[in-house]
Amino acid sequence: MTLQAFYRAYLDCLNRQDWDALGRYVADDAKHNGRPFGLSGYRSMLIKDFEDIPDLRFVIDRLACDPPLIAVRLLFNCSPKGYFLGLKINGRRISFAENVFYEVKDGKIADVLSVIDKTAIEDQIT
């Protein structure tokens, strides 16, 4: 499987909320923005994201792969229930991008570096 196909399968797993399959894609000792989350912490983070944002869907805008790295710009158009990134959203529809770098080791995501365009959200709610 190519790295692009692997990543698309990973996003499909997230969008289906197939948490039992997450371990096929994420390493047991995965890190997120420098924090050692591990697979269980990563899974908990995603479950909470979907609880807080029931219409959450990961959509690829741009995807580049240079093994072992994946670089992607994800687009979101969703309605967080309450607060998101410390901003009071309360169900309003917002659109924003997330830029993410992934490092894949031994066939699984081992390190994630993510930046969300919070300014785009602030511009929509002020």
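**Q** What am I meant to see in the overall build of the protein chain here?
**A** Looking only at helices and strands, one finds three helices and eight strands in the protein chain. Moving toward the C terminus, one meets the helices and strands of the protein chain in the order α-β-β-α-β-β-β-β-β-β-α. Its C-alpha atoms give the protein chain a radius of gyration of 14 Å, near enough to 14 Å, the size a compact globule of 126 residues would have. Overall, the C-alpha framework of the protein chain stretches about 45 × 25 × 25 Å when taken along its three principal axes. Counting across all 126 residues of the protein chain, residues that qualify as buried make up 40%. When contacts within the protein chain are restricted to residue pairs at least 6 apart in sequence, long-range pairs at least 24 apart make up 51% of them. When the accessible surface of the protein chain is summed, it comes to about 7100 Å², and 49% of that surface belongs to carbon and sulfur atoms. Each charge sign in the protein chain was given a centre, from 17 positive and 18 negative side chains, and these centres are 4 Å apart.

**Q** Before we go on, may I ask you to explain the pattern of salt bridges in this structure?
**A** Should the charged atoms of two oppositely charged side chains come close, the side chains can pair. In this structure the tally under the stated criterion is seven salt bridges. The residue Lys 48 makes a salt bridge to Asp 52 at a minimum N-O spacing of 2.7 Å. Of the two residues, Lys 48 and Asp 52 both sit in helix H2 (residues 38-52), four residues apart, roughly one turn of that helix. Its relative accessible area of 46% is what places Lys 48 among the partly exposed residues. For Asp 52, a relative accessible area of 27% puts it in the partly exposed group. In the salt-bridge network here, residues are joined through shared partners; they are Asp 12, Arg 16 and Asp 18.

**Q** When you look at H2 in this model, what are you seeing that I'm missing?
**A** Residues separated by three or four positions in an α-helix point in the same direction, a consequence of the helix having 3.6 residues per turn. Between its first and last C-alpha atoms H2 spans 21 Å; for 15 residues at 1.5 Å apiece the expected length is 21 Å, and the two agree. Where H2 is concerned, the buried positions are Gly 38, Leu 39, Tyr 42, Met 45, Leu 46 and Phe 50. Here the buried residues of H2 occupy an arc of 155° about the axis, which is enough to place them on one side.

Analysis parameters
Residues numbered from 1 in each chain as written. Predicted model: local features only at pLDDT ≥ 70, side-chain atom pairs only at ≥ 80, totals over all residues. Heavy atoms only, no water. Helix = DSSP H or I, 4+ residues; strand = E, 2+ residues; numbered from the N terminus. Rg over C-alpha atoms; globule rule 2.2 N^0.38 Å. Buried < 20%, exposed > 50% of the residue type's maximum accessible area, 1.4 Å probe, protein only. Contact = heavy atoms within 4.5 Å. Areas by Shrake-Rupley, 256 points an atom, 1.4 Å probe, with all protein chains shown as cover. Lys, Arg positive; Asp, Glu negative; His and termini not counted. Charge placed at Lys NZ, Arg CZ, Asp CG, Glu CD. Salt bridge = Lys/Arg side-chain N within 4 Å of Asp/Glu carboxyl O. Expected span 1.5 Å × (residues − 1). Arc of directions from axis to C-beta.

Interpretation note: all reported values are geometric properties and have no functional meaning in isolation.
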